[in-house]
Each structure stands twice: as C-alpha cells, then as structure tokens.
Amino acid sequence: MIALALAAALQTTAIDWKGLAPLPWRTPPVLTAEMQAFVRREAVSRNCPLPGPGTITVEVAVLVDDSSGIRTAVPRAIRCPTVEQYAAALVAGFARGNLLPRTGAAAEQWYRASLTFTWKP
C-alpha cells in the first residue's frame, strides 16, 4: 500500500530523473524482437509522438526495498500510456533477481532505468 502511495505521489510531483541513481543491473536487460515489435505497433497505432523515426525511449523510476526487491516501477510520461506501462512492467521483471547487492543500503531507495525501443520506420 505504501508503494502505491509513493507511486501516486511520484506521478503528481516532478521527479528529478537525473538525480536518481541508475538501477544497478547485474546483467543489463536485452529487448527481444517481439518486445520491439509490440512497442512499434502500439506507438504507430496510437500516434505516439516519437523523438526520431523508429525510436522511443522510456525512463522508469524503480523503488527497491531493503532486501533488493522491487516495490514499484513508475514510467516517465511520454504521451504514450500503453508503451509507458509496458516499459515499467519490463523493467520490474528484468530487475527481479538481477540487481547487484547494494552496500550500505538499509532502506528503500529510488533508482532510474531506461529502455530504448528501435525499429525500421
């Protein structure tokens, strides 16, 4: 319940995205062709604004608890809700059991991650 309240607060408050430490991946995630294709279909069918032809990046704030578990993942708004939520779910899934041990971290902490999806326009 606390994680939901924090996630809601993050969505209504400006996040200092650059101030968040990068998510400490043990092994960086790899986006499959199917993941890329899903995002392409969603971005095109929903007329999402794209920063360049055939590319879209989603930043995600991730709350990691004191035992390195993922409490919540909140996407940065890019005016493409389906892709935002998909990216947040991917980051949360990729992070489970895939984070480096945090030294001296006894409490929950927010991190940032980003996923870039690319395809041929």
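Residues numbered from 1 in each chain as written. Predicted model: local features only at pLDDT ≥ 70, side-chain atom pairs only at ≥ 80, totals over all residues. Heavy atoms only, no water.

**Student:** How would you sum up the side chain of Asp65? Please name residues and give values.
**Tutor:** Relative to the helices and strands, Asp65 resides in the loop between strand 2 (55-64) and strand 3 (70-75). Although Asp65 is buried, it makes no salt bridge; Arg71 carries the closest opposite charge, 5.0 Å away. One polar contact links the side chain of Asp65 to the main-chain amide nitrogen of Ser67, over a distance of 3.0 Å. For Asp65, the contacting residues outside a window of four places in its chain are Arg71, Arg102, Ala107 and Glu108. (Helix = DSSP H or I, 4+ residues; strand = E, 2+ residues; numbered from the N terminus. Buried < 20%, exposed > 50% of the residue type's maximum accessible area, 1.4 Å probe, protein only. Lys, Arg positive; Asp, Glu negative; His and termini not counted. Salt bridge = Lys/Arg side-chain N within 4 Å of Asp/Glu carboxyl O. Polar contact = N/O pair within 3.5 Å; in protein donor to acceptor, adjacent residues only side chain to side chain. Contact = heavy atoms within 4.5 Å.)

**Student:** A description of helix 2 (residues 33-45) should follow, citing residues and the corresponding values.
**Tutor:** Taking 1.5 Å per residue, 13 residues should reach 18 Å; helix 2 reaches 18 Å between its end C-alpha atoms and fits that length. Taken residue by residue, helix 2 has Met35, Gln36, Val39, Glu42 and Ala43 as its buried positions. The buried residues of helix 2 all sit within an arc of 135° when viewed along its axis, so they share a single face. Among the exposed residues of helix 2, those oriented more than 90 degrees off its buried face are Ala33, Glu34 and Ser45. Those residues of helix 2 that are buried are in contact with strand 2, helix 3 (81-95) and strand 4 (109-118). Taken from the residues just after helix 2, Asn47 is the one with a positive phi, measuring 55°. (Expected span 1.5 Å × (residues − 1). Arc of directions from axis to C-beta.)

**Student:** Give a description of the state of the cysteines that names residues and reports values.
**Tutor:** The final tally for this structure, using the stated rule, is 1 disulfide. Between the sulfur atoms of Cys48 and its disulfide mate Cys80 the distance is 1.9 Å. Given an S-S torsion of about 65°, the disulfide between Cys48 and Cys80 has right-handed geometry. Of this pair, Cys48 sits in the loop between helix 2 and strand 2 while Cys80 sits in the loop between strand 3 and helix 3, and the two are 32 residues apart along the sequence. For Cys80, a relative accessible area of 0% gives the class buried. (Disulfide = S-S within 2.5 Å.)

**Student:** Give a description of the sheet that holds strand 4 that names residues and reports values.
**Tutor:** Read across the open sheet, the 4 strands follow the order 1-4-2-3; overall the sheet is mixed. Each edge of the sheet is formed by a strand with only one pairing partner; in this case those strands are strand 1 (21-22) and strand 3. Note that strand 2 and strand 4 share 10 bridges and pair antiparallel. Along strand 4, the bridge assignment pairs Ile56 with Phe117. Sheet contacts for helix 2: strand 2 and strand 4; angle to strand 4, the most-contacted strand, approximately 85°. The strands that helix 3 touches are strand 2, strand 3 and strand 4; relative to strand 2, the one it contacts most, it runs at about 50°. (Pairing = 2+ DSSP bridges. Axes fitted to C-alpha atoms, helices over the stretch in contact; angles between N-to-C directions.)

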